[in-house]
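Below, each chain spelled out in residue letters.
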Amino acid sequence: MDFNLRPLLEQLELEELSEFKSLLRTLPPQDELQHVSQTEVDEASGQQLAEILTTRCPIFWVEMVTIQVFDKMNRTDLSKRAKEELREAALKSLQKNKVPLSELTQAQGRSVTNPEEVTESLEGETPGTQDTYSSIWKTSGPIWKQNHWPEASEKLHKFTQRYERLVPFCNPNMLAGPFPHTVVLQGAAGVGKTTLAKKWMLDWAQDHLPGTFHSAFYLSCKGLGRQGPCTFAELLAKKCPDAQEAGPQVLAQGQKILVVIDGFDELRAPSGPLIHDICGDWEKPKPVPVLLGSLLMRKLLPKATLLVTTRPEALGELRLLVEQPLFIEVEGFLEADRRGYFLKHFEQQDQALRAFEGMKGSPALFHMGAAPAVCWVVCTCLKRQLEKGEDPAPTCRTPTSLFLRFLCGQCSPAALGSGPAPHLPTALHALSLLAARGIWAQTSLFDGEDLRQLGVSEADLRPFLDGKVLQADADCEGCYAFLHLSVQQFLAALFYLLDGAERGDTGDCVPDIRTVRALLSKEERLRNPSLTRVGYFLFGLANQERARELEATFGCRVSLDVRQELLRVTHSRDWPFSSRADIRELMRCLYESQEEALVREALAPITELALHLQSERDLVHASFCLRHGQALRRLWLQVEKGIFLENDGASEPGTWAERSQSDRHLLPFWMDLCSMFGANENLEFLDISRSFLSTSSVRLLCEKISSVPCSLRKVVLRNVSPADAYRNFCVILGGYETLTHLTLEGNDQNNMLPVLCGVLLHPKCHLRYLRLVSCSATAQQWADLASSLETNHSLTCLNLTANEFQDEGARLLYMTLRHPKCILQRLSLENCHLTAAYCKELSSTLMVNQRLTHLCLAKNDLGDHGVRLLCEGLSYPECRLQTLVLFHCNITSDGCVILATLLQESSSLTHLDLGLNHIGVTGVKFLCEALKKPLCHLRCLWLWGCAITPFSCADLSSALSSNQHLVTLDLGQNSLEYSGIKMLGDALKLQSCPLQKLRLKIDHSDAQIQKLLEEIKEGNPKLTIERDNQEPRNNRPSSADFIF
């Protein structure tokens, strides 16, 4: 990344950081954040958010939205700082790589060395102004007219109106800003960005827009990328006859000039050279990318309105060149548009709706249907099938199955009405090679020279031109483009499967096409997002049945060696399962294959999986894959809000007709996903957290778990809705012999305790650990739980964090602990609103209970008086308590004096947590005195966030020098500074010091402290020093993991 995000975010106050997170998801394209849950973002600190964004989102998007959000927050200081770092990085990159302008010119296509040739090519007969604009408008055909849409003009008007209210020069009600407008239309391929730009250009030129003049220029980056150097005057003269007549001086000052820069993503030029070589001279020949970069940076036509179109992946480069742009996301066809398209394409309404539902049933395909060209592909394929009486469902299952059927249906000899075509296999390979080279070079336009390099002619490609797979480009004469980017991506994937014998005259000379391993690598996919979908298609084509269909249709030989390569990549470190986004990516790839054998092989080595279902598409993919993951032992599941119908409990089980169409569609997939509990006998851990289910989905899950023999040992339910989910799970877990650990956490656990008591009282219950957090219960229900603890003979660990006991409930729990049959060993009452008044009963319990070894009372306002009462019980010889957690209990130095007295006696305590208590200098001093005594057996002491200063470090150092038992000391979130750490170091370097782990708050920028820590480590190799980066607002007991 070209600027350091972490220090920028750390400059934000807590409220500002929250505002940053809120604005983050409002900026397009929101898809970039889909794989990161809202909860994860909300809970992240500034440092954690920087790590999430830079490691799990495309860098260009992070850089762009960071600056946009800072601008929206009026933090212009941070925005300016980020921009300056970006520009410096771009210039450094340029100086490091030294890209000559001659190389930049050659990178754009044919090298032109003679300026006269350029002038000659730009001169010629100049048509009339309106003829020029009309001809530009007519080239919008590939999207809106050539795809057989009967009402293109009417729909186009509605489409453009949808966005005109957002654009200053289209909406007279918008106030004009003090700066010239730069409007960026960004969106996926084929969604109508070019059409929108041309329509507004035509309106501008015809003075349909209020307050505009007719001077407008259309610059297509696809075509210009192949042109040699020229002057800016020549560039404009070719595009508009007015340019020569007006002259540079007039145009440069004109405020009513519109310049459309179409397809910035096709420019194929790095930003570094563009920034370095910007030019304001109209008459100086420069490579076209440099001229366009100068235009975007306002060195040429500084007062003109700029309208730029681009795909999202190029936004990072564009952002370096433009100041204060207005970004507008073009969505293409909405659902209603797609439905209307199908109804117009099919003659019979029932066929149209059946085809539409078929596409809608595939979330991936339906998402791609935002592009009209993809809708035309779907309609063309399904109409042909429906007319033959075939079932269209298999064709719509995945994008691969659709585009394979499209290719075979459009370009086979039978479809074109021709006889045998012996050259068709070679032509297919040449076409796939052309597609693959374009994907790796990030271009979608090809000219005759590209074809000649492959040894093929237009005649060889005639089947693909006639089948509309390949088309003559409307903007660039003599050039070709694929029907849609997805068609090119499909054919690029096909290149990797066609057998080498089909390569014909092209041979193996494809140095610019990289391996399958490179194609699937995260680094390459972040650099070139088109590779992601090529990877999906590659998995889809690794299906044996599809390979046979290709061979039968085109007479080519398909090699499935790539199948083994795909498995090697999924099993290697190149495809790590470090994040839930990686898991979703794997699920999507395997689903695309639609081959169970391949899925089984790919999932064979996977024993742990964290599955985050963020959309219907994720559910569909996971339902197909996970039933084949038979080695799975541990599963974490999170279901985002909106997938299932909420509040559907009013519907009786089985009344499917009353449920929404969406829920009826998804529940079968959920049922398939739940079937993994029957197919997988090894699954022993299940964690369902932060999940929004429905009554129906919970019922189906519980039915599946209870109906099959299962080996689940640990179950975690955390923040799950609806409210009755906890109760339903407890019902099926009663008598579950393998279950030993159960966590129930959430704010909606109403009326769940009676069922849980039934679980504990079941004769087959072997539950050893129970965590019950934030449970709403009556005093009688707490009494019933206490009674069941007396009867249960397996439960040894009970965590009742964040439960508010009534007086009677707390009293009964303490009495249970005194019962001779109660075998509890570890108990947590963290954040249970306990006060010193409860400590007397608890102290009496500690006097007689000989089994309890771990007690957590964190986040209760016990105060010093509560500590005094507790110590009375702890001082009894019958007390066996080893670990006591008093984190954030409002304890002062007085409480420490009492604890220090206890520790100097023959106490059983070995672990003590006093974190986040202001114990002061006196408190530290008394604790240190206790540590020096031979009867003190304390092994772990946590003093996190206790406001300890360097002044107390002399006492700590003295204690460490003489103590022989302490192995862990937590001093995190205390500002000890260099002087304090140096005093500690004097004791830590001693060979007699038993300490093994020390946690400190460390200033990473302080070189002196860093050097001191290295010296301490050298003197005491067995010592581990942890750097505490935890933020105070996320405070948790340092000892929490040790307790349970």
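Nothing here was measured: the structure is a model prediction, and the numbers come from that model. Residue numbering note: each chain is counted from 1, following its sequence as written. In view of the model being predicted, local features appear only for residues whose pLDDT reaches at least 70, and side-chain atom pairs are presented and counted only at 80 or more, with totals across whole chains, interfaces and linings using the full set of residues. Think of the side-chain values as coming from all heavy atoms in the structure, minus any hydrogens and water.

**Student:** Any chance you could explain the overall build of the protein here in plain terms?
**Tutor:** Only DSSP runs of H or I reaching four residues or more are called helices, and only runs of E reaching two or more are called strands; each is numbered from the N terminus. Looking only at helices and strands, the protein has 53 helices and 23 strands in total. Here's how the labels work: a residue is buried when its accessible area is under 20% of the maximum for its type, exposed when over 50%, partly exposed in between, all with a 1.4 Å probe on protein chains only. Expressed as a percentage of the 1044 residues in the protein, the buried residues total 56%. For the accessible areas, the method is Shrake-Rupley and the probe is 1.4 Å, while residue cover comes only from the protein chains on display. In the form shown here, the protein has an accessible surface area of approximately 42700 Å², with 48% of it arising from carbon and sulfur atoms.

**Student:** Can you walk me through the packing of aromatic side chains in this structure?
**Tutor:** Aromatic ring pairs are described here by two measures, namely the spacing of the ring centres and the angle between the planes. When two rings of Phe, Tyr or Trp (its six-membered ring) have centres within 6.5 Å they constitute a pair, described as stacked for plane angles under 30 degrees, edge-to-face for angles over 60, and tilted for the intermediate range. Under the definition given, this model contains 16 aromatic pairs. Cluster of aromatic residues (ring-pair linked, three or more members): Phe342, Phe346, Phe356 and Phe366. The residue whose ring lies beneath arginine 338 is phenylalanine 366, and the NZ or CZ to ring-centre distance is 4.5 Å. Charges are assigned to positions over rings by a cutoff of 6 Å between ring centre and Lys NZ or Arg CZ, combined with an angular limit of 35 degrees from the ring normal. We note arginine 634 situated over the ring of phenylalanine 685; from NZ or CZ to the ring centre the distance is 4.4 Å.

**Student:** Where do I start with helix α37 (residues 596-603) in this structure?
**Tutor:** Since the α-helix turns once every 3.6 residues, residues separated by three or four places project in the same direction. Taken together, the buried positions of α37 are Leu598, Val599, Ala602 and Leu603. Taken down its axis, α37 places every buried residue within 120° of arc, on the same side. Relevant arc is that of directions from the helix axis to the C-beta atoms, nothing else.

**Student:** Just to check I follow, could you spell out the pattern of salt bridges for this structure?
**Tutor:** Proximity of charged atoms lets side chains of opposite charge pair with each other. We define a salt bridge as a contact between a side-chain nitrogen of Lys or Arg and a carboxyl oxygen of Asp or Glu at a distance within 4 Å. Under the defined criterion, the tally for this structure stands at 34 salt bridges. Note that arginine 462 and aspartate 466 form a salt bridge whose closest N and O atoms lie 3.2 Å from each other. Of this pair, arginine 462 and aspartate 466 both sit in helix α29 (residues 462-466), separated by four residues, roughly a single helical turn. Salt-bridge contacts for glutamate 830 lead to lysine 859; the nearest nitrogen and oxygen are separated by 3.8 Å. Of this pair, glutamate 830 sits in the loop between β16 (826-828) and α46 (836-848) while lysine 859 sits in the loop between β17 (854-856) and α47 (863-874), and the two are 29 residues apart along the sequence. Salt bridges linked by common partners bring Asp687, Arg718, Glu745 and Arg771 together as one network.

**Student:** Explain the sheet that holds strand β3 (residues 258-262) here, please?
**Tutor:** Adjacent strands of a sheet pair through backbone hydrogen bonds, lying either parallel or antiparallel. Strands pair, by our definition, only if DSSP identifies at least two bridges between them. Strand order in this open sheet of five strands is β2-β3-β4-β1-β5, and the pairing throughout is parallel. Looking along the sheet, the strands with just one partner apiece sit at the ends: β2 (216-220) and β5 (326-329). Neighbour to neighbour, the strand axes of the sheet diverge by 15° on average, direction disregarded. Examined bridge by bridge, β3 and strand β4 (residues 305-310) share four bridges and lie parallel to one another. Across the sheet, the residue bridging to valine 259 is leucine 306, located in β4. Note on method: axes are straight lines fitted to C-alpha atoms, helices fitted across the in-contact stretch only, with angles between N-to-C directions ranging 0 to 180 degrees.

**Student:** What exactly am I supposed to notice about the pairing of strand β21 (residues 968-971) here?
**Tutor:** Regular strands have side chains that alternate between both faces of the sheet. Residue alternation in β21 divides its side chains into two sets, Thr968 and Asp970 and Leu969 and Leu971, and both sets are buried. As defined by bridge partners, strand β20 (residues 940-942) adjoins β21 across three bridges and the pair is classed as parallel. Looking across to β21, one finds that leucine 941 is bridged to leucine 969. By the criterion used throughout, a crossover qualifies as right-handed when its path from the first strand across the helix to the second strand runs clockwise, the strands pointing away from the viewer. Taking the sense of rotation as the criterion, the β-α-β connection linking β20, helix α50 (residues 953-962) and β21 turns out right-handed. Direction of pairing for β21 relative to strand β22 (residues 997-1000): parallel, over a ladder of four bridges.

**Student:** How should I be thinking about the packing of helix α21 (residues 349-360) against helix α23 (residues 372-387) in this particular structure?
**Tutor:** The axes of two packed helices give the description: the angle between them and the distance between them. Between α21 and α23, the least distance of the axes is 10 Å, while the angle of their chain directions is 120°. Taken together, α21 and α23 sit at an angle that is classed as oblique. With respect to the hand of their crossing, α21 and α23 are arranged in right-handed fashion. Of α23, the residues touching α21 (which contributes Gln351, Arg354, Ala355 and Met359) are Cys375, Val378, Leu382 and Leu386. For this classification, under 35 degrees means roughly parallel, over 145 means roughly antiparallel, 65 to 115 means roughly perpendicular, and everything else is oblique. Crossings are assigned a handedness: left-handed for a near helix turned anticlockwise from the far helix by less than a right angle, right-handed for a clockwise turn. Contact definition: two residues touch when any of their heavy atoms are within 4.5 Å.

**Student:** I'm lost on the side chain of histidine 854 in this one. Help?
**Tutor:** Along the polypeptide, histidine 854 turns up in strand β17. Polar contacts here mean pairs of N or O atoms no more than 3.5 Å apart (in protein, one a potential hydrogen donor and the other a potential acceptor; neighbouring residues in sequence count only if both atoms are side-chain atoms). Among the polar contacts made by the side chain of histidine 854, one reaches the side chain of threonine 853 at a distance of 2.7 Å.

**Student:** Just to check I follow, could you spell out α47 for this structure?
**Tutor:** In a helix, the anticipated span is given by 1.5 Å times the number of residues less one. The terminal C-alpha atoms of α47 lie 17 Å apart, and with 12 residues this matches the ideal 16 Å at 1.5 Å per residue to within 8%. Counting buried positions along α47 yields nine of 12 residues, so the element is predominantly enclosed. The inward-facing, buried residues of α47 abut α46, β18 (883-885) and α48 (893-904).

**Student:** Even after reading the chapter, I still don't get the sheet that holds strand β7 (residues 470-472), so can you show me in this structure?
**Tutor:** Strand order across the open sheet formed by three strands is β6-β8-β7, with antiparallel pairing between neighbours. Each edge of the open sheet is held by one strand with a lone partner, namely β6 (445-447) and β7. The mean angle between the axes of side-by-side strands here comes to 35°, regardless of whether they run parallel or antiparallel. Looking at chain direction, β7 and strand β8 (residues 479-482) are connected through three bridges and run antiparallel. Across the sheet, the residue bridging to alanine 472 is tyrosine 480, located in β8. Across the sheet, helix α27 (residues 424-441) lies against β6, β7 and β8, angled at about 85° from β8, the strand it touches most.

**Student:** How should the pairing of strand β11 (residues 685-692) be read in this particular structure?
**Tutor:** The element β11 is extensively covered by neighbouring structure, given that six of its eight residues are classed as buried. For strand β10 (residues 634-639) and β11, the ladder comprises four bridges, and the chain directions are parallel. Bridge pairing in β11 places leucine 637 opposite isoleucine 688. For the handedness criterion, the β-α-β arrangement of β11, helix α41 (residues 695-707) and strand β12 (residues 714-721) is classed as right-handed.

**Student:** Help me out: how do you make sense of the nonpolar core in this one?
**Tutor:** Considering soluble globular proteins, one finds that nonpolar side chains tend to be buried as a cluster. Within this scheme, the nonpolar core is defined by two criteria: the residues are buried Ala, Val, Leu, Ile, Met, Phe, Trp, Tyr or Cys, and they are joined through side-chain atoms within 4.5 Å. One finds Leu407, Phe464, Leu491, Trp670 and Leu886 to be the most contacted residues of the largest nonpolar core, which totals 236 residues. Looking at this core, the element that brings in the most residues is α27, giving 11 residues. Residue ranges for the domains originate in an automatic or database domain assignment. If you count residues domain by domain, this core takes at least three from each of domain 3 (335-397) and domain 4 (855-1043). Look past the residues within four positions of leucine 886 in its chain and what remains in contact with it is Leu857, Leu862, Val867, Leu870, Ile891, Leu899, Asp913, Leu914, Gly915 and Asn917. One finds Leu12, Leu23, Val41 and Leu49 within the second-largest nonpolar core, a separate group that totals 58 residues.

**Student:** I would appreciate a short explanation of unusual backbone geometry in the present structure.
**Tutor:** Excluding glycine, most residues fall at negative phi; most peptide bonds, likewise, are trans. Omega for the peptide link from serine 721 to proline 722 comes to 10°, which places this bond in the cis form. Although it is not a glycine, histidine 888 sits at a positive phi angle of roughly 55°. Secondary-structure assignment places histidine 888 in the loop between β18 and α48. The partly exposed category is assigned to histidine 888, whose relative accessible area is 39%. Even without glycine at this site, glutamine 973 takes up a positive phi of about 60°.

**Student:** Explanation requested: the environment of cysteine 408 in the structure shown.
**Tutor:** Along the chain, the position of cysteine 408 falls in helix α25 (residues 399-411). Of the residues examined, cysteine 408 reaches a relative accessible area of 8% and is grouped as buried.

**Student:** Please explain the environment of cysteine 775 as it appears in this structure.
**Tutor:** Residue placement: cysteine 775 occurs in the loop between β14 (769-773) and α44 (779-791). Taking the C-alpha atoms as reference, cysteine 775 lies 7.2 Å from glycine 746; in sequence the two are 29 residues apart.

**Student:** I tried to follow the confidence of the model for the protein on my own but got confused; where do I start?
**Tutor:** Values of pLDDT, ranging from 0 to 100, describe the predictor's confidence in every residue of the model. Summarising the model, the protein shows a mean pLDDT of 82, and 81% of its residues fall at 70 or more. Every residue in residues 93-130 scores below 50 in pLDDT, and together they form 53 contacts with partners more than four places removed in sequence or on other chains. Below pLDDT 50 for its whole length, residues 648-659 participates in 19 contacts with residues either more than four positions away or in separate chains.

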